[in-house]
Amino acid sequence: MGVLITVLAVFAVAGLVLLALSVRNVQQYEKGVVFRFGRLLPDIRGPGLRVIRPIGDRMRKVSVQTEVLGIPPQGSITADNVTLTVDAVVYFKVIDPVKALVNVRNYPAAVSQIAQTSLRSVIGRADLDTLLSDRDHINAELKKVMDAPTEEPWGLRIERVEIKDIALPESMMRSMSKQAEAERERRARVIAADGEFQASQRLTDAAATMADTPGALQLRLLQTVVDVSAEKNSTLVMPFPVEMLRFFEHRSRETNGLPDGRVTHRSTRRPAAPAGVLIPEPAIPAPAIAPALSLSGERVGAGGRRIGSRAEVARERRDNWPTRKDAEESLNG
């Protein structure tokens, strides 16, 4: 009786062990691939409890989740001969577990190597401006290059490739900063010039409007005076009419100056004389010639020579100054 119980207990334990070896739990995000004595079975086991033969069968579970793989920084030279360092990240997933297990060994490492070589190849065909400004195009090209050797042969799908960072040399960064500064300055000058042009057009329109209404110009002048005198300063603003300047300019054109400083006014038109009547021309008295005295106090004669004593002054007046008779003869003609 004791032997029978022992045998039954052994069979029970063996059955439990075989059951444990036969049952496999497959998660929702996994696929089970069964190999029987090293040969692939065509059926792929889905999620849940799956039973396999305890002897000769071996199940490999493959995750079908999207995996994220970081690409180490890669030094490369762009098409315009700029050396830089680029790192990226790859998102991929397994779409065919059989190919991922049978056709490639350690597919994450294989994807990493493919990504590194593809990244260097794509960077070498692009210039620096495209790499910095059009990353979407570079990412799409990277995905296209990596899809060819991974999707059909290995059963992997590259969902997305993103460039994370681009490390530039210090000299290139300084050059780019200077270029950006120059571009900003150019745009600022263009905007300022455009503003001046628009302001000049507005001022032209305002001047035309004020020219039609003189009162508006006077009000604008008073407003300017108020704006200047609003602050506490020592500047005194005196408005001067522009019309007065024009009046003086007009008067200066009507008058003519003589070399000796005398001013002769414009001639007035004489009235017409009756028929048969002769009107004599008015006699213009000749200026008396007198010796000039310099501003420094020295006496100068008519010939330009210097005279000093009173006797010489009297002699000079007697010899050179005109007499009364000469003046009357000059007036009478």
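It should be emphasised that the depicted structure is a prediction, and the values quoted were computed from it without experimental measurement.

**Q** Tell me about the overall build of the protein chain, and name the residues and values.
**A** What the protein chain contains, in helices and strands, is 10 helices and 12 strands. The 333 residues of the protein chain split such that 20% are buried.

**Q** Describe the side chain of E30, naming the residues involved and giving the relevant values.
**A** Note on placement: E30 falls in strand β2 (residues 30–36). Buried within the structure, E30 lacks any salt-bridge partner; its nearest side chain of opposite charge belongs to K61, at an N-O separation of 4.5 Å. Beyond its immediate sequence surroundings of up to four residues, E30 is in contact with P47, K61, V62, S63 and V64.

**Q** Describe the nonpolar core, listing the residues and the values that go with them.
**A** Ranked by size, the top nonpolar core spans 33 residues in total, and within it L84, V86, V90, Y107, V111, L131 and M146 carry the most contacts. Contributing elements (two or more residues each) for this core: β6 (67–77), β7 (83–94), α3 (107–125), α4 (128–133), α5 (135–154) and β8 (156–167). If near-sequence neighbours (up to four positions away) are discounted, Y107 is found in contact with V62, S63, E67, F92, V94, A100 and L156.

**Q** Help me get a handle on the sheet that holds strand β3 (residues 39–45), residues and values and all.
**A** With antiparallel pairing, three strands are arranged side by side in an open sheet as β3-β2-β5. Edge positions in the sheet fall to β3 and β5 (57–63), since each of these pairs with one other strand and no more. Neighbour to neighbour, the strand axes of the sheet diverge by 25° on average, direction disregarded. Alignment of β2 against β5, held across seven bridges, turns out to be antiparallel. Within β5, the position partnered with V33 by the bridge is R60.

**Q** Before we move on, could you go through the packing of aromatic side chains and cite the residues and values that matter?
**A** Under the criterion given, the structure shown has one aromatic pair. Between F92 and Y107, the ring centres sit 6.5 Å apart and the planes meet at 90°, which makes this aromatic pair edge-to-face. On the criterion of sequence distance, the pair formed by F92 in strand β7 and Y107 in helix α3 is long-range, its members being 15 residues apart. Classification of Y107 by relative accessible area gives buried; the value is 12%.

**Q** Explain unusual backbone geometry to me, and be specific about the residues and the numbers.
**A** Of note in the backbone geometry, F37 takes a positive phi value of approximately 50° without being a glycine. By the element assignment, F37 lies in the loop between β2 and β3. The exposed category is assigned to F37, whose relative accessible area is 66%. In this structure, N81 is a non-glycine residue whose phi angle is positive, near 60°. Within the secondary structure, N81 sits in the loop between β6 and β7. For N81, a relative accessible area of 65% gives the class exposed.

**Q** Outline the pattern of salt bridges, listing residues and values.
**A** Scanning the entire structure with this criterion turns up seven salt bridges. Residue D147 is joined to K143 by a salt bridge in which the shortest nitrogen-to-oxygen separation is 3.0 Å. Highlighted residues: D147 and K143, both in helix α5, separated by four residues, approximately one helical turn. D147 sits in the buried class, given a relative accessible area of 15%. As a salt-bridge pair, R160 and E162 come within 2.7 Å of each other at their nearest N and O atoms. Owing to a relative accessible area of 24%, E162 belongs among the partly exposed residues under this scheme.

**Q** Help me get a handle on the layout of surface pockets, residues and values and all.
**A** The gaps of empty space that remain are located by a probe, the size of a water molecule, rolled over the atoms. Estimates place the volume of the second largest pocket at around 170 Å³. If you trace the second largest pocket, you find it lined by D80, L128, D129, L132, S133, M172, S175, M176, Q179 and A180. For the lining of the second largest pocket, the secondary structure elements donating two or more residues are α4 and α6 (170–212). Examining the composition of the lining of the second largest pocket, we find that five residues originate from one element, α6, more than from any other. In terms of residue class, the lining of the second largest pocket is built from five nonpolar, three polar and two charged.

**Q** Summarise the sheet that holds β8; cite the residues concerned and give the values.
**A** Each strand in a sheet pairs with another by means of backbone hydrogen bonds, the pair being arranged parallel or else antiparallel. As summarised here, the arrangement of the three strands in space is β6-β7-β8, forming an open sheet in which the pairing is antiparallel. The open sheet has two edge strands, β6 and β8, and neither has a second partner. Within this sheet the neighbouring strands show an average axis-to-axis angle of 25°, counted without direction. As paired strands, β7 and β8 are joined by 10 bridges and run antiparallel to one another. For Y91, the partnering residue across the bridge sits in β8 and is R160. Helix-sheet contacts for α3 involve β6, β7 and β8, and the interaxial angle to β6 is about 35°.

**Q** Could you give me a rundown of a nonpolar patch on the surface, with the residues and numbers involved?
**A** Taken together, the side chains of V13, V17, L18 and L21 define a hydrophobic patch exposed on the protein surface, amounting to about 330 Å² of accessible area. Tracing the chain through its elements places V17 in helix α1 (residues 2–22). The exposure class of V17 is partly exposed, given its relative accessible area of 43%.

**Q** Help me get a handle on the environment of P42, residues and values and all.
**A** Secondary-structure assignment places P42 in strand β3. Residue classification places P42 among the exposed residues on the basis of a relative accessible area of 73%. In this structure the C-alpha to C-alpha distance between P42 and V98, which are 56 residues apart in sequence, comes to 9.2 Å.

Definitions and limits used
Residues numbered from 1 in each chain as written. Predicted model: local features only at pLDDT ≥ 70, side-chain atom pairs only at ≥ 80, totals over all residues. Heavy atoms only, no water. Helix = DSSP H or I, 4+ residues; strand = E, 2+ residues; numbered from the N terminus. Buried < 20%, exposed > 50% of the residue type's maximum accessible area, 1.4 Å probe, protein only. Lys, Arg positive; Asp, Glu negative; His and termini not counted. Salt bridge = Lys/Arg side-chain N within 4 Å of Asp/Glu carboxyl O. Contact = heavy atoms within 4.5 Å. Core = buried A, V, L, I, M, F, W, Y, C linked by side-chain atoms within 4.5 Å. Pairing = 2+ DSSP bridges. Axes fitted to C-alpha atoms, helices over the stretch in contact; angles between N-to-C directions. Phe/Tyr/Trp six-rings, centres within 6.5 Å; stacked < 30°, edge-to-face > 60°. 1 Å grid on protein atoms, 1.4 Å probe; cavity = no way out; pocket = protein on both sides within 12 Å on 5 of 7 lines; lining within 4 Å. Points joined across faces, edges and corners; volume = space filled by probe spheres on them. Nonpolar A, V, L, I, M, F, W, Y, C, P; charged D, E, K, R; others polar. Patch = residues over 30% accessible without salt bridge, like charges linked within 9 Å, V, L, I, M, F, W, Y side chains within 5 Å. Areas by Shrake-Rupley, 256 points an atom, 1.4 Å probe, with all protein chains shown as cover.

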